[in-house]
Amino acid sequence: MSRMATFLRFSSSRVSLISFTLLLDKPPGSSLPLDGLAAALVHIQHRLYQMSLQRTLKAYKFGIVNYLNALKLQERLSGERKAGNIQDTILSLQHPPTYTLGKRRTDHNLLLTESEVQAMGAEVHYTERGGDITFHGPRQAIIYPIISLRAIGFGARKYVEGLESIMIEVASLYGVNAHPGKAGETGVWVGDRKIGAIGVRISSGITSHGLAFNIDPDLNYFKHIVPCGIRDKGVTSLRREAQMQLPEDEVIHDQLIQSFAKTFHFKDMQWSQGGLILPADEIK
Amino acid sequence: MAMASRLMWASRAASYLKISTCPRAFSTVIKDLKYADTHEWVKVDGSSATIGITDHAQDHLGDVVYVELPEVGSSVNQGKNFGAVESVKATSDVISPVSGEVVEVNTELNGSPGLVNASPYEDGWILKVKLSNNGEVNSLMDSEQYSKFCEEEDAKH
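The paragraphs below set out a description of the structure included in this document. All values reported here derive from a predicted model rather than from experimental measurement.

### As for the packing of aromatic side chains
Taken as a whole and assessed by the stated rule, the structure comprises 10 aromatic pairs over all chains. Considering the side-chain rings of F135(A) and F222(A), the 5.5 Å spacing of their centres and the 75° angle between planes classify their relative orientation as edge-to-face. Of this pair, F135(A) sits in strand β5 (residues 134–136) while F222(A) sits in the loop between β10 (206–214) and β11 (234–235); the two residues are 87 residues apart in sequence, bridging distant segments of the chain. On the basis of relative accessibility, which here comes to 1%, the residue F135(A) falls in the buried class. The interplanar angle of 5° and the centroid separation of 4.4 Å between the aromatic rings of Y35(B) and Y146(B) together place this pair among those described as stacked. On the criterion of sequence distance, the pair formed by Y35(B) in strand β1 (residues 34–35) and Y146(B) in helix α5 (residues 143–154) is long-range, its members being 111 residues apart.

### Structural notes on the packing of helix α6 (residues 156–173) of chain A against helix α8 (residues 249–263) of chain A
When two helices pack together, their arrangement is given by the angle between the helix axes and by the axis-to-axis distance. Residues and elements named next belong to chain A. Running from amino to carboxyl end, α6 crosses α8 at an angle of 135°, the nearest separation of the two axes being 9 Å. Regarding the angle of α6 to α8, the classification is oblique. The two elements α6 and α8 meet at a crossing, and its hand is right-handed. Contact with α6, carried on its side by Y159, G162, L163, S165, I166, M167, E169, V170 and L173, involves I252, Q255, L256, S259, F260, K262 and T263 of α8 and no other residues of that element.

### What to know about the pairing of strand β8 (residues 100–105) of chain B
Regular strands have side chains that alternate between both faces of the sheet. Residues and elements named next belong to chain B. Inspection of the sheet shows strand β5 (residues 75–76) paired to β8 by 2 bridges, in the antiparallel sense. For S75, the partnering residue across the bridge sits in β8 and is E101. For β8 and strand β9 (residues 127–131), the ladder comprises 5 bridges, and the chain directions are antiparallel. Note on β9: the bridge partner recorded for V105 is L127.

### So, the side chain of T134(A)
Within the secondary structure layout, T134(A) lies in strand β5. If we ignore the near neighbours within four places in the chain, the residues touching T134(A) are T98(A), Y99(A), T100(A), R129(A), A197(A), F222(A) and I225(A).

### Structural notes on the sheet that holds strand β3 (residues 98–101) of chain A
Adjacent strands of a sheet pair through backbone hydrogen bonds, lying either parallel or antiparallel. All names here are of chain A. Read from one edge to the other, the open sheet built from 3 strands follows the order β4-β3-β5, with strand pairing classed as mixed. A strand with exactly one partner marks an edge of an open sheet, and here the two such strands are β4 (123–126) and β5. Along the sheet, successive strands turn relative to each other by an average axial angle of 30°, direction set aside. In this sheet, β5 lies alongside β3 in antiparallel orientation, the contact comprising 3 bridges. Among the inter-strand pairings, T98 is bridged to a residue of β5, identified as H136.

Conventions adopted
- Residues numbered from 1 in each chain as written.
- Chains lettered and ligands numbered in written order.
- Predicted model: local features only at pLDDT ≥ 70, side-chain atom pairs only at ≥ 80, totals over all residues.
- Heavy atoms only, no water.
- Phe/Tyr/Trp six-rings, centres within 6.5 Å; stacked < 30°, edge-to-face > 60°.
- Helix = DSSP H or I, 4+ residues; strand = E, 2+ residues; numbered from the N terminus.
- Buried < 20%, exposed > 50% of the residue type's maximum accessible area, 1.4 Å probe, protein only.
- Axes fitted to C-alpha atoms, helices over the stretch in contact; angles between N-to-C directions.
- Parallel < 35°, antiparallel > 145°, perpendicular 65-115°, else oblique.
- Left-handed = near helix turned anticlockwise from the far one by under 90°.
- Contact = heavy atoms within 4.5 Å.
- Pairing = 2+ DSSP bridges.

Nothing here speaks to function; it is all geometry.
This is how it looks when you write it as structure tokens:
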């Protein structure tokens, strides 16, 4: 039997064997005359399980949302997702001018005092996400996926690589050749200029926060920070790098979401206008 | 539900035969440790225990750049998070596999968080606790069960 197992492992006709075993209907607990096909069966069963999972992605689209309101919404959705009350969800929005810091609280990378920040009409927020200091503002696409990584067996590294590939794919739609950073420089770059940033929180296997992709934000705001703690590297935007005219921001947001759904193997999407899930007094 | 029991039957058969469906690099699993399904390990020594994250966990995290350690004297509870690690711009909760009082934390991780990647079962230990309930360890997986668990998780994608 073990010789047969070895043969199966290296067999090039594994595909036909797999289709053969699909026809079997062995009741559990009975004896196994076909032990040698168990390996193929494990593989098939997992694939069938994946296909049977109704993995639908629910997308909510917003306009400009205050950072704290978006944070409260994510915390609520995250709790609901963890409890299994809602399906995988993704938020698409933009923020008013906001500087944010991650768990490590690297505020030495903010080159202004809080009152100087306020004077320019911006806010500063401390968060539990990974990553260093960054800036969010109008014309920057913000995507916050609230999904279960445990359901798909993904770890942080694979998830973040997926987020990077989404931004790279969308950049390429506009002829921009972007790439992931070197080791330790998570994010998406065009040459040595950063076009997309990532900062994620994974709590009980559920993601929150996500990515920020520069469509055409006011890049002057980045002068007041050491972006992501990396000196000597610039920031850029799709507007600066693309040789072609860009469509409405909403088109690019939608492309990011569709790329996300494809990259993370969702079968279906449901779209909603987000206002419905923010209480009236939270919508700006 | 027939599918679920067939799945169990198939994976039991596969592990009995010690065959895998496709070549993949296996993470190290140490015998004599106990494991949680959130990928933390526990080394029990009487009423004390050392806790860390597994090789599988560190591999899936990427290079760890920061470890948030609990305070000595604080208590941890089985199944509840006690800290976090940061890697690739993502913070991930670390869940305690047992309940007890924190008696020591690995302060080396403040300066060298990469120890979690380089030596997850030895120098990369995270905390030591005085167990409040020795029986809890029985609900954890042994090394064989954990290996199988990892295989099944990795086969999901």
